[in-house]
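Architecture at a glance
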Amino acid sequence: MRRTVMLILAAIVAAPALGQSPAPQPAIRDPDLAERAYIAASAYHAVKRYFAHAEGLPADYDFEARYRAYLAEALAAPDRAAFTRASMRFFASLRNGHSSFTDRQLGERAGPAPFSVRRVDGRWTITESRLADLAPGDVIVTIDGQSPDAWLAPRRELVAASNEAAADRAQWFFPLMPQRFTIGTAGGRAVVVDLNTVPDVPPRGRRRPEKVETIRRPDGVLVIRIPSFDDRAFESAAIDAVKQAGAARAILFDVRGNGGGATPSRLLAAIMNRPYRGTLYVTPQTIAEVDAQQVFGDGVPALPKMMLRLGPDVTQPAPGAWAGKMAVLADGGCGSACEDFVLRFRDGKRGLVLGEATAGTTGQPYFVRFPEFGMSFRVSTKREYFPDGAPFEGVGVRPDRAIPLTLAELRDGGDVQLEQAVKALLAS
């Protein structure tokens, strides 16, 4: 089953991740007024027909009013950037991590990201940095004299996310920020960040691997780090690592920061030794007569609420699956197809799920692309639930044992999360 990669910032707009360079793309042009109207009309049609998450919106959410306000803003926008922001804001109002607007030009104009940041112990903390004056573990207390939350507020309303934790991660998207700003740290330092002069060097701190990595530890645990499932080669490499595990005491899958891709069904077949269930999900059903009845009564057809319910499917274990002890180490950067993997791992009682809650967003998007403008949007066509019907969207997979990231390990440069996960695995 195909999934879209959720990689946190890429869910908003196409942009290079830390340590990666954007692939060359064809030249693009700005849409004129009629073309803006066409993009907006296409968005209206797609959301009205395919959006599967109406139940996740506030009770007072008025889609028609929201769209009319967006249309007015989009057509009156003085330039491309303003049109893009209006479109992003409209999709962000849907509060779904798999429904968003993308403008390729934002990513193309961006240089390397100066740092990565997330909340640690409730404080905004640097986790990776290319800047000499900012190090992993530094806590941000002000930006341009404001609290970080106040300074970030204009960006946060552009973020397409299914919960607050995912919005926290995604709002640190540098192409939407001023070119120059000053960070005040908890240590009393003032650090000027100039996005035009960020050195293109490998970042210091914990980062997602660029390929599947295997680590054979002295304690007999084989750690398999999987950066994403957006390339079939990653899944194949993970399967090969399992097949070559030999006499390993246990296997720990490290999927922290794995944004998804395609559900790794072949990897699951290689490791699952009990039957396991997939998600229960609903997808919109459009019936013309039902819409006609609403219009006949002077109403406007609402967002889709008539749903077809499917699943959960049950998959039987494949012969020859690896039979040893296993666990998964995950965090809030694990989304979409990564969560498909963790959810099924948990349902089949394959081993412990350790670390932090996953992102809580998945759902086969319907894509509409405008190549000549370098723009596109996606609308999630499936709302998924745990096999027992419990909410999944905006919730994610909770760990059997919580192992939070700490300031101390960021500052020390170690990986306490991993060490604690190995200890829990061996004791299970």
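The present account deals with the structure reproduced in this document.

The rules behind these values
Residues numbered from 1 in each chain as written. Predicted model: local features only at pLDDT ≥ 70, side-chain atom pairs only at ≥ 80, totals over all residues. Heavy atoms only, no water. Helix = DSSP H or I, 4+ residues; strand = E, 2+ residues; numbered from the N terminus. Buried < 20%, exposed > 50% of the residue type's maximum accessible area, 1.4 Å probe, protein only. Phe/Tyr/Trp six-rings, centres within 6.5 Å; stacked < 30°, edge-to-face > 60°. Lys NZ or Arg CZ within 6 Å of the ring centre and 35° of its normal. Pairing = 2+ DSSP bridges. Axes fitted to C-alpha atoms, helices over the stretch in contact; angles between N-to-C directions. Contact = heavy atoms within 4.5 Å.

Bringing unusual backbone geometry into the picture now. The peptide bond linking glycine 311 to proline 312 adopts the cis configuration, its omega dihedral lying at 0°. By the element assignment, proline 312 lies in the loop between β13 (307–310) and β14 (314–315). In this structure, aspartate 121 takes a positive phi of about 55° despite not being glycine. Position of aspartate 121 among the secondary structure elements: in the loop between β2 (115–120) and β3 (123–129). The exposed category is assigned to aspartate 121, whose relative accessible area is 55%. At lysine 349, a position not held by glycine, the phi torsion is positive, near 50°. Along the polypeptide, lysine 349 turns up in the loop between α10 (337–347) and β16 (351–355).

With the rule as written, the count across this model stands at 22 aromatic pairs. Between phenylalanine 90 and phenylalanine 91 the ring centres are 5.4 Å apart and the planes differ by 75°, which places this aromatic pair in the edge-to-face class. Phenylalanine 91 gets classed as buried once you look at its relative accessible area, which sits at 1%. Ring geometry for phenylalanine 115 versus tryptophan 172: centroids 6.2 Å apart, planes at 65°, classification edge-to-face. Of this pair, phenylalanine 115 sits in strand β2 while tryptophan 172 sits in the loop between α6 (164–170) and β5 (180–185), and the two are 57 residues apart along the sequence. With respect to class, phenylalanine 115 is no different from tryptophan 172; both count as buried. Grouped by ring-pair contacts, the aromatic residues Tyr38, Tyr44, Phe63, Tyr67, Tyr70, Phe83, Phe90, Phe91, Phe101, Phe370 and Phe377 constitute a single cluster. The residue whose ring lies beneath arginine 155 is tryptophan 151, and the NZ or CZ to ring-centre distance is 4.3 Å. Lying over the aromatic face of tyrosine 281, lysine 382 brings its terminal NZ or CZ to 3.9 Å of the ring centre.

A word on the sheet that holds strand β18 (residues 375–380). Reading across the sheet, the 3 strands line up as β1-β18-β17 and stay open at both edges, with antiparallel pairing between neighbours. If you trace the sheet from one side to the other, it starts and ends with β1 (100–103) and β17 (365–370), each paired once. Here the strands of the sheet are splayed against their neighbours by 15° on average, with no regard to which way each runs. For β17 and β18, the ladder comprises 6 bridges, and the chain directions are antiparallel. Note that in β18 the partner of phenylalanine 367 across the bridge is arginine 378. Relative to the sheet, helix α1 (residues 33–50) contacts β1, β17 and β18, its axis offset from that of β18 by approximately 15°.

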